[in-house]
Amino acid sequence: MASTTPNTNRVIDLPMPQAGPGSAVIKVLASLITPFSKYIHDGSLAVYNLTLPLVPNPGNIGRVHSAGPDSVYLKPGDLVYFNPWIKARDDPTVSIIQGHHGGEGPNGSLQQYQKVPLEGLFVLDEARLCGELGYQLAELKEIALQSMVYAALVEAGSLQAGDTVIIGPATGTFSSIAVEVALILGANVIALGRSKEKLGHLWQTLGNPDRLKYVVMTGNNDVDFAAILKATPNGAGAEIFNDWSSGSLHSPPYFSAAFRAVKQDGRVVLSGAPSGNIEIPYTLAMHKNIKIQGKLMANRGAIESTIKLITSGVLKVGRKGGAEVSIFNIEQFGEAEDFAAKHGGWKNYTYITPNL
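Owing to the predicted nature of the structure, the values given are computational and were not obtained by experimental measurement. (Residues numbered from 1 in each chain as written. Predicted model: local features only at pLDDT ≥ 70, side-chain atom pairs only at ≥ 80, totals over all residues. Heavy atoms only, no water.)

Undergrad: Just checking my understanding: could you explain the sheet that holds strand β14 (residues 262-270) for this structure?
TA: Strand pairing in a sheet relies on backbone hydrogen bonds. The paired strands run either parallel or antiparallel. Spatial strand order, β12-β11-β10-β13-β14-β15: six strands in an open sheet with parallel pairing. In this open sheet, the two edge strands, each paired with only one partner strand, are β12 (212-216) and β15 (291-294). Within this sheet the neighbouring strands show an average axis-to-axis angle of 20°, counted without direction. Both strand β10 (residues 164-168) and strand β11 (residues 188-193) contribute to a ladder of four bridges, which runs parallel. In the strand pairing of β11, Ile-166 is matched with Ile-190. Contacting β11 and β12, helix α5 (residues 196-205) crosses the sheet at an angle of about 175° to β12. (Pairing = 2+ DSSP bridges. Helix = DSSP H or I, 4+ residues; strand = E, 2+ residues; numbered from the N terminus. Axes fitted to C-alpha atoms, helices over the stretch in contact; angles between N-to-C directions. Contact = heavy atoms within 4.5 Å.)

Structure follows, in structure tokens:
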């Protein structure tokens, strides 16, 4: 089991967890290592508020080992996805991302057996996903990424088929997924970025779709606004702007230009993690009745919808979706984090499999 202390990450032995009321113990089969996991676990990204020591990393694909006495559906052997966004049962305004942001103790997914709340588990159709569709277990951990994007676009953005959505920056891990999911849901997409090469690669990887346009940003808000507007259908603007600015940035670089291209009664969804502030054109927002909303993680309905999309075969993940998949065991924890930091990103995913 991997444990993070202030100056070191190491593998240790912990007692076998026991399921009690409201909980289950799952055998962890796959945990995703992101390009920024290394910097969360070494304390470089203090915003994640890790209380040490702990077993790190959120969420996993697992198999139910045991369930508490009040479980009415789960049974040992079920293949499950665990959503680590946990809300307090007596006050849902209080939440943590188990093993990742807030909370404490040996509760992350980098261990062989993990005790989790019942309400965070989603039973997967193993016969369909792993049998008929041929997915490996680790590949299903993309549910975590896809569902967060689905939640931003649909739960927060109220995206409907035929809508136009501006996504930017559009070539990161989550934002590229947002482009892909928005296209699958029938939207027109305007992708923003500074690198023509990266934007072109995004377009080509997704099959050169007619409903995807991209704008190479210049840093001049007036020029960029005009280019974004021109890229939208009939130059009429977009129903949604979904910002995915990186946590390494102080402020979202494309916010001002993209905001101006949002239509009357449009929606702006903040899904990134910059450390600074944004400036909002007050009068424009008021006159256009623009709704601005932050979106963290995904509620149960968004996760269930995402799982349905994957189970149906409409949304492809893993190698079927064009991804490169790299798998490490738990003793290779440090190597996996270094590999993900160097190579990880959209369609290049790194997993630790504690029991394989």
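Undergrad: Looking at this structure, I do not really get the pattern of salt bridges. What am I missing?
TA: Counted under the stated rule, the structure contains 12 salt bridges. With its nearest N and O atoms 2.7 Å apart, the salt bridge here joins Lys-38 to Asp-338. Residue Lys-38 is located in helix α1 (residues 37-41), and its partner Asp-338 is located in helix α10 (residues 333-343); the two are separated by 300 residues in the primary sequence. We note a salt bridge from Arg-128 to Glu-132, for which the minimum N-O separation is 2.9 Å. Separated by four residues within a single helix, Arg-128 and Glu-132 lie in helix α2 (residues 126-132), roughly one turn from each other. Under the relative-accessibility criterion, Arg-128 is labelled partly exposed at 23%. According to the relative accessible area criterion, Glu-132 is exposed, its value standing at 60%. (Salt bridge = Lys/Arg side-chain N within 4 Å of Asp/Glu carboxyl O. Buried < 20%, exposed > 50% of the residue type's maximum accessible area, 1.4 Å probe, protein only.)

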